[in-house]
Amino acid sequence: MSFPPQIKVPATYMRGGTSKGVFFRLQDLPEACQVPGEARDKLLLRVIGSPDPYEKQIDGLGNASSSTSKTVILAAPTQPDHDVDYLFGQVAIDKPFVDWSGNCGNLTAAVGAFAINGGFVAKERIPENGVCTVRIWQANIQKTIIAHVPVTNGEVQETGDFELDGVTFPAAEVKIEFMDPADGEGAMFPTGNLVDELDVPGVGTLKATMINAGIPTIFINAEDIGYKGTELQDDINSDPKALAMFETIRAHGAVKMGLIKEIGEAAGRQHTPKVAIVARPVDYVSSSGKSIRASDVDLLVRAMSMGKLHHAMMGTAAVAIATASAIPGTLVNLAAGGGDRTEVTFGHPSGTLRVGAEAKEANGQWTATKAIMSRSARIIMEGWVRVPGDTF
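Reference entry: report on the structure contained in this document. Sequence order sets the numbering: in each chain, residues are counted from 1 along the sequence as written. Where totals are concerned, whole chains, interfaces and linings use all residues; where local detail is concerned, this predicted model gives features only for residues with pLDDT of at least 70, and gives and counts side-chain atom pairs only at 80 or more. Values reported for side chains reflect all heavy atoms of the structure, with hydrogen atoms and water molecules removed beforehand.

The next subject is helix α2 (residues 105–117). What is called the bend at a residue is the angle between a pair of axes, fitted to the seven residues leading up to and ending at it and to the seven starting from it. Put simply, DSSP marks the helices as runs of H or I at least four residues long and the strands as runs of E at least two long, and each gets a number from the N terminus on. The principal kink in α2, of about 30°, is found at Val111. Relative accessible area decides the class of each residue, using a 1.4 Å probe on protein chains only: under 20% of the type maximum gives buried, over 50% gives exposed, and in between gives partly exposed. Counting buried positions along α2 gives 12 out of 13 residues, so the element sits mostly inside the fold. Phi turns positive, to about 85°, at Gly119, one or two residues after α2.

The following block contains the structure:
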């Protein structure tokens, strides 16, 4: 019996913020995978090493976490005054599907650099020394993102002294602006309320702020479900009952936000919405052993991603945190002490992060003009990724 040989596809493996992913140029994909559909999904699943019942992704480039089971496809811009289209695919670890329902804010930090290196940014727009402004169209959520990428001697500057909690080594700082970050065409608060009463069977009635900004996110008070907001990954990820509870909250919140029609649909939409718990500041020790004092932060946030507690904070969830904190009366704003604010520093399992946002109210509706944060990114490996020829 004969088997087809492997094929190779040009690819780049990059870290962006506290995530890693495999980056492709659309024109480099096999022809059948250059359009959305089953062939593309099968290719990306095989590249990452999913579905893997062992949840290790040994036979692919994934690293068995939601932060590293990610893929990116960049293409020529479809919108005027943009440099590149950015499409993000969150690859399930143990199931055969790719979730295209949202953005990855962390990998956005790497998109600007990849766009420059990949020939998407016109040469006359790249300074010999300085900062290159890359205009990104985020195709998943139909939004504009601006990445400010440092350039030295005409090349992307990746090394530097910017430190990001959740990333071991320092690198060059990349500033990112998420323009009009409300996700989708609906209201930023889909229920019309800053705080809702969310009925969750087996859990109770919880206060919840449900917001579409950066990525659809459900915020609840940590103390309402027995937590302090200082939890690290093992405190939640080693507890099957806790994971089931968070998934139940997520599913019922998704229905109330109008993202799905019935609870059963949540299993096929793992990437969105996110669930996060918030709490007022207290001292704690981060996963790296770093002491975080209550005076270092405005509030504590822990967020779930793809069914597990994230080791740091998703970039898109950080946008949601920044936006919600800027709106008086949300649970995020109240946990941070309430009042008007344009930036917030929050504690997460790996340390702290400062984010900013601008929001305004008009005719009873809140809108956000932009959210801002700093990340870093670098190429880890580039060349070709190989998959069996009968993958798709």
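For Asn212, the position within the fold is in strand β11 (residues 204–213). In this structure Asn212 comes out as buried when scored by relative accessible area, which is 7%. Each C-alpha atom of the pair Asn212 and Glu361 lies 15 Å from the other, and the pair is 149 residues apart in sequence.

Summarising the element assignment, Thr168 is placed in the loop between β8 (155–156) and β9 (174–179). For Thr168, a relative accessible area of 69% gives the class exposed. Sequence separation of Thr168 and Ser19 is 149 residues, and the distance between their C-alpha atoms is 12 Å.

Should a side-chain nitrogen of Lys or Arg be within 4 Å of a carboxyl oxygen of Asp or Glu, the pair is scored as a salt bridge. What the rule picks out here adds up to 12 salt bridges. In this structure, Asp180 engages Lys143 in a salt bridge whose closest nitrogen and oxygen atoms are separated by 3.0 Å. With Asp180 in the loop between β9 and β10 (196–200) and Lys143 in strand β7 (residues 143–152), this residue pair connects regions lying 37 residues apart in the sequence. Using a relative accessible area of 11% as the deciding quantity, one classes Lys143 as buried. Where Arg250 meets Glu247, a salt bridge forms, and the shortest distance between an N and an O atom there is 2.9 Å. One end of the pair, Arg250, and the other, Glu247, are both in helix α4 (residues 240–256), 3 residues apart, so they sit about a helical turn from each other. For Arg250, a relative accessible area of 7% gives the class buried. Overall, the relative accessible area of 30% leaves Glu247 in the partly exposed class.

This part covers the layout of surface pockets. Volume-wise, the largest pocket comes out at about 840 Å³. Cavities and pockets are defined on a 1 Å grid built over the protein atoms alone: a cavity is a set of grid points where a 1.4 Å probe fits but cannot escape, while a pocket is an open set with protein on both sides within 12 Å along at least five of seven lines, and lining residues are those with an atom within 4 Å of any such point. Forming the walls of the largest pocket are 41 residues, and the residues nearest its centre are Ser66, Ile93, Ser305, Met306 and Lys308. Elements that contribute at least two residues to the lining of the largest pocket include exactly β2 (19–25), β4 (84–91), α3 (233–237), α4, β13 (274–279), β16 (299–305) and β17 (308–309). Taken together, the residues of the lining of the largest pocket sort by class into 14 nonpolar, 18 polar and 9 charged. Grid points are joined across faces, edges and corners, and a volume is the space filled by probe spheres set on the points. Each pocket or cavity is described by its volume, and for the second largest pocket that value is around 350 Å³. Lining the second largest pocket we find 16 residues, and of these Phe162, Glu173, Leu353, Arg354 and Ser374 sit closest to its centre. Tallying contributions element by element places strand β19 (residues 351–362) first for the lining of the second largest pocket, with 5 residues. Among the residues forming the lining of the second largest pocket, the class breakdown is 6 nonpolar, 3 polar and 7 charged. Under the scheme applied here, ten amino acids are nonpolar (Ala, Val, Leu, Ile, Met, Phe, Trp, Tyr, Cys and Pro), four are charged (Asp, Glu, Lys and Arg), and all others, including Gly, are polar.

Going through the model one piece at a time under the given rule, you end up with 2 cavities of 30 Å³ or more. Looking at the largest cavity, its volume works out to about 60 Å³. Along the walls of the largest cavity sit 14 residues, with Lys70, Cys104, Ser305, His310 and Met314 positioned nearest its centre. A breakdown of the residues in the lining of the largest cavity according to their chemical character gives 2 nonpolar, 10 polar and 2 charged. Volume-wise, the second largest cavity comes out at about 40 Å³.

Pairing of aromatic rings covers Phe, Tyr and Trp, the last through its six-membered ring, and needs centres within 6.5 Å; plane angles under 30 degrees mean stacked, over 60 mean edge-to-face, and all others mean tilted. One pass over the full model with this rule turns up 2 aromatic pairs. For the ring pair Phe23 and Phe114, a centre distance of 5.4 Å and an interplane angle of 45° mean the geometry is tilted. With Phe23 in strand β2 and Phe114 in helix α2, this residue pair connects regions lying 91 residues apart in the sequence. Assessed through its relative accessible area of 0%, Phe23 is described here as buried. Note on Phe114: relative accessible area 7%, which makes it buried. When the centroid spacing of 5.9 Å and the interplanar angle of 25° are considered together, the rings of Tyr227 and Phe246 count as stacked. Taken together, the residues span a long stretch of sequence, with Tyr227 in the loop between β12 (215–221) and α3 and Phe246 in helix α4 at a distance of 19 residues. Overall, the relative accessible area of 15% leaves Tyr227 in the buried class. Residue classification places Phe246 among the buried residues on the basis of a relative accessible area of 4%. A ring is scored as having a charge over it whenever the NZ atom of a lysine or the CZ atom of an arginine sits within 6 Å of its centre and within 35 degrees of its normal. When the ring centre of Trp384 is taken as reference, the NZ or CZ atom of Lys8 above it lies at 4.3 Å. The ring of Tyr284 carries the charged tip of Arg302 above its face, separated from the ring centre by 4.7 Å.

Attention shifts here to the side chain of Asn140. Here Asn140 is to be found in the loop between β6 (130–138) and β7. Within the structure, the side chain of Asn140 is placed 2.8 Å from the backbone nitrogen of Phe88, a separation counted as a polar contact. The term polar contact refers here to a pair of N or O atoms within 3.5 Å; inside protein, the definition further demands a hydrogen-donor-capable atom paired with an acceptor-capable atom, and it admits residues adjacent in sequence only when both atoms are side-chain atoms. A distance of 3.0 Å separates a polar side-chain atom of Asn140 from the backbone oxygen of Trp100. Pairs of residues are marked as contacts when any of their non-hydrogen atoms sit within 4.5 Å. Contact partners of Asn140, with chain neighbours within four places excluded, come to Tyr86, Leu87, Phe88, Trp100, Gly102 and Asn103.

Just distances and angles here, no functional claims.
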